[in-house]
Amino acid sequence: MLPESVRDAVESGDPLPGTTGFAGELPDGRLARDVLGRELLYTDSGTWSHDPADLADPTLFPAGHVGTPDDHERVWRLPNSTRDGGVDALRDALETAFDALERGGDVAVAFSGGVDSALVADAVDAPLHVVGFPDSADIAAARESASLLGRDVTVHELAIEDVEAAVPDVARAIGQTNAMAVSIALPLFLVAERADADCLLLGQGADELFGGYAKVEKAETDPRTDADTVRGARDEVLATLPDQLERDVRAVRATDTEPVTPLLHDAVVREALRLPDDLLVADGTRKRALRAVAAERLPDPIAYREKKAVQYGSLVARELDRLARQAGFKRRMDDHVTKYVESRLADA
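Residues numbered from 1 in each chain as written. Predicted model: local features only at pLDDT ≥ 70, side-chain atom pairs only at ≥ 80, totals over all residues. Heavy atoms only, no water.

## Some words on the overall build of the chain
The criterion, for reference: Counting from the N terminus, the helices are DSSP H or I runs at least four residues long and the strands are E runs at least two residues long. Radius of gyration here uses only the C-alpha atoms, and the compact-globule reference equals 2.2 Å multiplied by the residue count raised to the power 0.38. For every residue, the accessible area (1.4 Å probe, protein chains only) is compared with the maximum for its type, and the residue is labelled buried under 20%, exposed over 50%, or partly exposed between those bounds. Here a residue-residue contact requires only that any non-hydrogen atoms of the pair lie within 4.5 Å. Here the Shrake-Rupley method, with its probe set to 1.4 Å, supplies the accessible areas, and only the displayed protein chains count as covering residues. Charge counting treats Lys and Arg as positive and Asp and Glu as negative, with His and both chain ends excluded. Here the site of a charge means NZ on Lys, CZ on Arg, CG on Asp, or CD on Glu.
On a plain count of helices and strands, the chain comes out with 17 helices and 14 strands. Its C-alpha atoms give the chain a radius of gyration of 20 Å, within 12% of the compact-globule value 20 Å for 348 residues. Expressed as lengths along the three principal axes of its C-alpha atoms, the size of the chain is roughly 55 × 50 × 45 Å. The proportion of buried residues among the 348 residues of the chain is 52%. Within the chain, residue pairs in contact and separated by at least 24 positions form 65% of the contacts whose partners lie at least 6 positions apart. Approximately 15,200 Å² of the chain is accessible, and the part contributed by carbon and sulfur atoms is 44%. Placing the 39 positive and 65 negative side-chain charges of the chain at their respective mean positions leaves the two points 6 Å apart.

Okay, structure coming up:
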């Protein structure tokens, strides 16, 4: 049964009642799922589960909705962006998120050495883990950042055989064969598998919330966004988060590990939506407000480190492309990596 705070949020319409996500059943039998889709919920013939594998024909219950599998409505939407927020309020929100973390149990941190995962690592005394190919930027950054923090990091160097073996498992886990989705999910799956913890802390959501994408920085001219302002482009990106989180949560849970995303706590989301454009992106620096808070806790080389997305920083996308070409799926073919993934599932 969902907690009382969620039940109150149904009545008040507050989309950010102080949780890190929720999905499940209300006392009256209706189902509810949080506005960002941070928890998964699937339905089938009147039954429901957090795991689609439990159901014969699972349908994802929409984020922000309340009701029955066949009759539900959108109850929560994210608050409209405003310009009245600042670094001080964001600092307090991050403290709230970190204070809410469970400190006991078997916990690990997915640590790629950038500002997002370093903020999470700084909040907990837990082992740090990074995966990547030996010459990857993520491994180099993780080693450097861990040294600056006075922490150890366990480096899991990958071989192309590791990616090859994981491809069908990951595609099945996330329910997708799309090349981009699989290349993003692969390093999450591999780090969760190798960390071998009950819970894996992740820095997911920071890029979406705080303006971490090039298309947000270049909103006026970038054809990948319909918006012409930084905040408008950020809001467009944020709207994609439920789909991204479904992929990421399913990839991590496939290793019997529970993903935890403290940077997506309601308090942090609320303050991120209040930031003006110049605290998102300005003067060539993305995620300015988050980096300003981080610089109070972390060495500047970490707080202001620029990093590639995990599929590129780990070099998993490069090696997945190599595998596709070695299997006869050449780059001149349309979507050759997706075709390779599909072939691996057919052969499995």
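Back to the write-up after that little detour.
## Section: helix α6 (residues 179-195)
Residues lying three or four places apart along an α-helix face the same way, a consequence of the helix completing one turn every 3.6 residues. This is how the line gets drawn: In this scheme, a helix's expected span is set at 1.5 Å multiplied by one less than its residue total. N or O atoms within 3.5 Å of each other form a polar contact, as long as, within protein, one can give a hydrogen and the other can take it, and as long as residues adjacent in sequence are counted only when both atoms are side-chain atoms.
With 17 residues, α6 extends 25 Å between its outermost C-alpha atoms, agreeing within 8% with the 24 Å of an ideal straight helix rising 1.5 Å per residue. The element α6 is extensively covered by neighbouring structure, given that 14 of its 17 residues are classed as buried. The N-capping residue of α6, defined by a side-chain oxygen 3.0 Å from the backbone nitrogen of Met180, is Asn178.

## Section: the sheet that holds strand β12 (residues 258-260)
Here is the rule we go by: A strand pair is defined by DSSP finding two or more bridges across the two strands. Fitting a line to C-alpha atoms yields each axis, with helices limited to the stretch in contact; the angle taken between N-to-C directions then spans 0 to 180 degrees.
If you trace the 5 strands from one edge of the open sheet to the other, you get β10-β9-β8-β11-β12, paired in parallel fashion. Two strands close off the open sheet at either side, each with one partner strand: β10 (153-157) and β12. Strand after strand, the sheet turns through a mean of 30° between neighbouring axes, direction not considered. Here strand β8 (residues 107-110) runs beside strand β9 (residues 128-132); their pairing, made up of 2 bridges, is parallel. Its bridge partner being in β9, Ala110 is matched across the sheet by His129. The strands touched by helix α4 (residues 137-149) within the sheet are β9 and β10, with β10 carrying the most contacts at an inclination of about 170°.

## Considering the nonpolar core
Basically, it comes down to this: The criterion is simple. A nonpolar core is a set of buried Ala, Val, Leu, Ile, Met, Phe, Trp, Tyr and Cys residues joined through side-chain atoms within 4.5 Å.
Formed by 65 residues in total, the largest nonpolar core has its most connected members in Trp76, Leu94, Val109, Phe111, Leu209, Phe210 and Val268. Within the second largest apolar cluster, 37 residues are counted, among which are Ala110, Leu158, Val167 and Ala171.

## Let's talk about the pattern of salt bridges
Between side chains of opposite charge, a pair can form as their charged atoms come close. Note the cut-off: Whenever Lys or Arg places a side-chain nitrogen within 4 Å of a carboxyl oxygen from Asp or Glu, that contact is recorded as a salt bridge.
Within this structure, the stated rule accounts for 32 salt bridges. For Arg250, the salt bridge identified is with Glu246, shortest N-O distance 3.3 Å. Of the two residues, Arg250 and Glu246 both sit in helix α10 (residues 241-253), 4 residues apart, roughly one turn of that helix. Taken individually, Arg250 and Glu246 each receive the classification buried, so the pair is uniform in this respect. When the shortest N-O distance is used, the salt bridge between Arg274 and Glu271 registers 2.5 Å. Overall, Glu271 belongs to the buried group, its relative accessible area being 12%.

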